[in-house]
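Structure at a glance
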Amino acid sequence: MEITHIETVHSGWAKFLIATVRLADGRTFRREIEDHGAAACVLPYDAERRTAVLVRQLRLPVYYMTREPHTLEAIAGIVDEADPAETARREADEEAGIELGALEPVAQGWTMPGVSTERMHLYLATYRGRPREGRGGVDEDEDITAVELALDELAQLADSGGLADVKTLVLVQTLRLRRPELFLK
């Protein structure tokens, strides 16, 4: 297989490309690619209080599909720093006003390998204190509110299909597997 041509059809927050691909037998086809690079995501939790911090934020594609404008999800952002863990720390401060303890790597993976270049770095991390009240985020288009939930409530959301965001679901389930005692009543 060989990519013979890339055309940029849009360049903004993300780039949208059309790739022309030639297979080994000579056939060619075109595919769309959404390109915005790496991202980092963290689920902050407090083991003593048995809580986690998530953010409720506007997600236009979700609204387009469901008319529900906000999702409840782990803290995430596009990697701007050399180390994705630093992005997780920055986003936790910007979006929720919390400082993270040690970050525990969970996984790295392509979020939508058939469509996107996004490679997500997933982390668990401890935090202390309380999240910021009111709106978080630094960009004018961000509509973000930090939400502190009890871990048993978060587990119930995961079990009932109440978490629409897959990266958050992966992190919640990973925390449940690694630290099951935190979810006991």
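The structure displayed is predicted, hence computed values, not measured ones. Along each chain, numbering runs from 1 in the same order as the chain's sequence is written. Owing to the predicted nature of the model, reporting of local features is limited to residues with pLDDT of at least 70; listing and counting of side-chain atom pairs is limited to 80 or more, with chain, interface and lining totals taken over all residues. Calculated side-chain values reflect all of the structure's heavy atoms, with hydrogen atoms and water omitted.

**Description of the environment of T174**
Within the fold, T174 resides in helix α4 (residues 166-178). Residue classification places T174 among the buried positions, given a relative accessible area of 13%. In this structure the C-alpha to C-alpha distance between T174 and A107, which are 67 residues apart in sequence, comes to 10.0 Å. Two residues form a contact once any of their heavy atoms are found within 4.5 Å. What T174 contacts, discounting residues up to four positions off in sequence, is V106 and L124. Looking at T174, its side chain comes within polar contact range of the main-chain oxygen of V170, at 2.8 Å. Only runs of H or I of at least four residues qualify as helices and only runs of E of at least two qualify as strands under DSSP, and these elements are numbered from the N terminus. A simple rule labels every residue: compare its accessible area, found with a 1.4 Å probe on the protein chains alone, to the largest value its type can have, and call it buried under 20%, exposed over 50%, or partly exposed in between. Nitrogen and oxygen atoms within 3.5 Å of one another constitute a polar contact, given that in protein one can donate a hydrogen and the other can accept it, and given that sequence-neighbouring residues count only through two side-chain atoms.

**Concerning the packing of aromatic side chains**
Geometry of aromatic contacts follows a simple scheme: Phe, Tyr and Trp rings, the Trp one being its six-membered ring, pair when their centres are within 6.5 Å, and the pair is stacked under 30 degrees between planes, edge-to-face over 60, tilted otherwise. Within the structure shown, the criterion is met by 0 aromatic pairs. Lying over the aromatic face of Y63, R67 brings its terminal NZ or CZ to 5.0 Å of the ring centre. Note on geometry: a ring has a charge over it if NZ (lysine) or CZ (arginine) is within 6 Å of the ring centre and within 35 degrees of the ring normal. The ring of F183 carries R176 above its face, with NZ or CZ at 5.9 Å from the centroid.

**Quick look at the side chain of H121**
The residue H121 is located in strand β9 (residues 119-127) in this model. The exposure class assigned to H121 is buried, which follows from its relative accessible area of 11%.

**Thoughts on a nonpolar patch on the surface**
Every patch collects residues that have over 30% relative accessible area and no salt bridge, joining them within 9 Å if they carry like charges and within 5 Å if they are nonpolar side chains (Val, Leu, Ile, Met, Phe, Trp, Tyr). Only the protein chains shown count as cover for residues, with accessible areas throughout obtained via the Shrake-Rupley method and a probe of 1.4 Å. In the sections that follow, a salt bridge refers to a side-chain nitrogen of Lys or Arg positioned within 4 Å of a carboxyl oxygen of Asp or Glu. On the surface, L58, L60 and Y63 cluster together to form a nonpolar patch covering roughly 280 Å² of accessible area. As for its placement among the helices and strands, Y63 is situated in helix α1 (residues 60-66).

Limitation: the analysis is restricted to geometry and does not speak to function.
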